[in-house]
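Here is what each chain is made of, one letter per residue.
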Amino acid sequence: MKYFERCLSKISDSDEIDISIHCDATVFEWLLEYVLAKEEYEKQHKGRVVAKIEWSKPFEKAENGGKAGIQFHNGPRLHYKNATTILISADFLKIDALVKECLSFFAENIEEVGKVLVDTGCLNSNIIRQMAREIPLDRLSALQERKDKLVSRLYMKKLEILLEKERTYLHKCAFCNHLFILEHRAVLHCSKAKSVIDHNGELRSLHVIDRTWELKKFVTFIRETYRISWREIYWKIWGYLHVLKCGRCNEYYNLAELGNCFKHPEKPKVKLISNTPLGSSYSFRCCDKEVSVAEMLDLSN
C-alpha cells in the first residue's frame, strides 16, 4: 500500500513499529487479503513479466457480482454491496491496481451498484472523473438512482471532459446569442449578422464569436438560476455539438434547436416602396420579419 511508504521509508527491517488504523475492520481485512493474494500471485510468476490482463481479468456481469483477477487468484470477492467502500479505501491508501479494478467493476455493474443504499458522496472528484470515462452514455442514461448522489456527478464530469477539447468548445454569437462550435460556423446561419457574398457567390450570414462570453460562467449561471439537472445540461450542450440539415428550409441547425424551423409559410410582401439604392423593404406577414432586396433574390433561388 503506497499510503504507508511515506511512514516506513526511514524505518529499517529490524525496527519495531506500531501502526494505528481507524477504519472499518471488515474493509481493512478485505484489503489485506487482496494485497496478500496479489503478492502470492507475483511470487508464483517470479522471473518473468506478468501481463496486466493475467491479474486484472475483465469483469463478468453476474447476478451476484462480477468476477475479475482478484477472485480468480484466491483473492477476496468484490460485489455490489462493498464495491463503493472498497473503492474509497483503495483510493485513500493509493492501491492503484485495485482502484482500476473497482472502476471496471462499476462500469460493468453500474445498474446494480446504483440500487445499493451506499453513500457515494465520499468519492472524490478524480474518482468520479475516471468513472465517467469508463461508463458509456447509453448505460448512464438508463441508470435510475433513488437519491441522485452519483448520476448527476457523473454527468457533470462527462460534460467537463466533453468541453475540454478545443473542437467541441462552445462559443456564443455576438449578434444572435446562439451557441455554436467553430467547426459548424461555416454552415450555420446567423439571423442578425451582416450578409456577405462568399466565394461561391452565395449570400451568407455567419456567426461572430462574442469574446466577452465565458462558457464555464454560463453553465454555472443556468445551473444555479434555473436549477436544471446536470443530465439536462449535458444533453442540451451535446445537442449544440451536432448539426442537421432541415428538409423544409434547407438550412443547417443545431440538434438542440430541433423543431424551431424558421421557414415562412408565405412569401414576403412589400412593406415600404423606395427608389433609393437599397431598394424597397419587404416583410413576412407571419412574424413581421423584414428582408432586403438581396435577401429576396436569395429566397427566390
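Being a predicted model, the structure only gives us computed values, none of them experimental.

Caption draft 1: Focus on the layout of surface pockets. When its volume is computed, the second largest pocket comes out at roughly 330 Å³. Together, 13 residues line the second largest pocket, and Leu159, Glu160, Lys216, Val219 and Trp230 are the ones closest to its centre. Those elements giving two or more residues to the lining of the second largest pocket turn out to be helix H10 (151-162) and helix H11 (215-226). With six residues, H11 is the single largest residue contributor to the lining of the second largest pocket. Partitioned by chemical class, the residues of the lining of the second largest pocket number seven nonpolar, one polar and five charged.

Caption draft 2: Geometry of the pattern of salt bridges. This structure, assessed with the given rule, holds six salt bridges. Here glutamate 160 makes a salt bridge to arginine 129, at a shortest N to O gap of 2.6 Å. Residue glutamate 160 is located in helix H10, and its partner arginine 129 is located in helix H8 (residues 125-134); the two are separated by 31 residues in the primary sequence. On the basis of relative accessibility, which here comes to 34%, the residue glutamate 160 falls in the partly exposed class. With its nearest N and O atoms 3.3 Å apart, the salt bridge here joins lysine 157 to glutamate 160. Here lysine 157 pairs with glutamate 160, and both are found in helix H10, just three residues apart, close to one helical turn.

Caption draft 3: Seen up close, the packing of aromatic side chains. According to the stated counting rule, one finds seven aromatic pairs in the structure shown. Considering the side-chain rings of tryptophan 213 and phenylalanine 218, the 5.4 Å spacing of their centres and the 55 degrees angle between planes classify their relative orientation as tilted. Summarising the aromatic geometry, the rings of tyrosine 234 and tryptophan 235 are spaced 5.3 Å apart at their centres and angled 85 degrees between planes, so their arrangement reads as edge-to-face. A residue is classified by how much of its surface remains accessible, and tyrosine 234, at 4% relative accessible area, is buried. Members of the aromatic cluster, each reached through a chain of ring pairs, are Tyr155, Tyr234, Trp235 and Trp238.

Caption draft 4: Focus on the sheet that holds strand S9 (residues 290-291). A sheet is described by the order of its strands in space; here three strands give the open sequence S7-S8-S9, paired in antiparallel fashion. The open sheet is flanked by strand S7 (269-272) and S9, the only strands paired with a single partner. With two bridges connecting them, strand S8 (residues 281-283) and S9 associate as antiparallel partners. Bridge pairing in S9 links tyrosine 282 to valine 291.

Caption draft 5: Region of the structure containing the side chain of arginine 139. Residue position: arginine 139 is located in helix H9 (residues 137-142). A polar atom in the side chain of arginine 139 sits 2.9 Å from the backbone oxygen of glutamate 108.

Caption draft 6: Structural view of the packing of helix H2 (residues 25-44) against helix H6 (residues 96-108). Relative orientation of the contacting elements H2 and H6 amounts to 110 degrees, with a least axis distance of 11 Å. When the axes of H2 and H6 are compared, the pair comes out roughly perpendicular. Every residue of H6 that contacts H2 at Trp30, Leu31, Tyr34 and Lys38 is listed here: Ala97, Leu98 and Glu101. Residue composition of the contact of H2 with H6, grouped by class: five nonpolar, no polar and two charged.

Caption draft 7: Broad picture of the environment of lysine 267. Here lysine 267 shows up in the loop between strand S6 (252-254) and S7. Given the relative accessible area of 70%, lysine 267 is considered exposed. A C-alpha to C-alpha distance of 6.7 Å links lysine 267 and phenylalanine 284, two positions 17 residues apart in sequence.

Caption draft 8: A look at helix H5 (residues 83-92). Those residues of H5 that fall on the buried side of the exposure criterion are Ala83, Thr84, Ile86, Leu87, Ser89 and Ala90. Considering only its buried residues, H5 is in contact with H2, H6, helix H7 (110-115) and H8. Of the residues flanking the end of H5, it is lysine 94, one or two places downstream, whose phi is positive at about 60 degrees.

Caption draft 9: Structural detail: the packing of H5 against H6. Orientation of H5 relative to H6, taken along the N-to-C sense of each, is 150 degrees, at an axis distance of 9 Å. One element, H5, and the other, H6, form an angle in the roughly antiparallel class. Pair H5 / H6 crosses with left-handed handedness. Between H5, through Ala83, Thr84, Ile86, Leu87, Ala90 and Asp91, and H6, the contact on the second element is made entirely by Leu98, Val99, Cys102, Leu103, Phe105 and Phe106. A breakdown of the residues in the contact of H5 with H6 according to their chemical character gives 10 nonpolar, one polar and one charged.

Calculation criteria
- Residues numbered from 1 in each chain as written.
- Predicted model: local features only at pLDDT ≥ 70, side-chain atom pairs only at ≥ 80, totals over all residues.
- Heavy atoms only, no water.
- 1 Å grid on protein atoms, 1.4 Å probe; cavity = no way out; pocket = protein on both sides within 12 Å on 5 of 7 lines; lining within 4 Å.
- Points joined across faces, edges and corners; volume = space filled by probe spheres on them.
- Helix = DSSP H or I, 4+ residues; strand = E, 2+ residues; numbered from the N terminus.
- Nonpolar A, V, L, I, M, F, W, Y, C, P; charged D, E, K, R; others polar.
- Salt bridge = Lys/Arg side-chain N within 4 Å of Asp/Glu carboxyl O.
- Buried < 20%, exposed > 50% of the residue type's maximum accessible area, 1.4 Å probe, protein only.
- Phe/Tyr/Trp six-rings, centres within 6.5 Å; stacked < 30°, edge-to-face > 60°.
- Pairing = 2+ DSSP bridges.
- Polar contact = N/O pair within 3.5 Å; in protein donor to acceptor, adjacent residues only side chain to side chain.
- Axes fitted to C-alpha atoms, helices over the stretch in contact; angles between N-to-C directions.
- Parallel < 35°, antiparallel > 145°, perpendicular 65-115°, else oblique.
- Contact = heavy atoms within 4.5 Å.
- Left-handed = near helix turned anticlockwise from the far one by under 90°.

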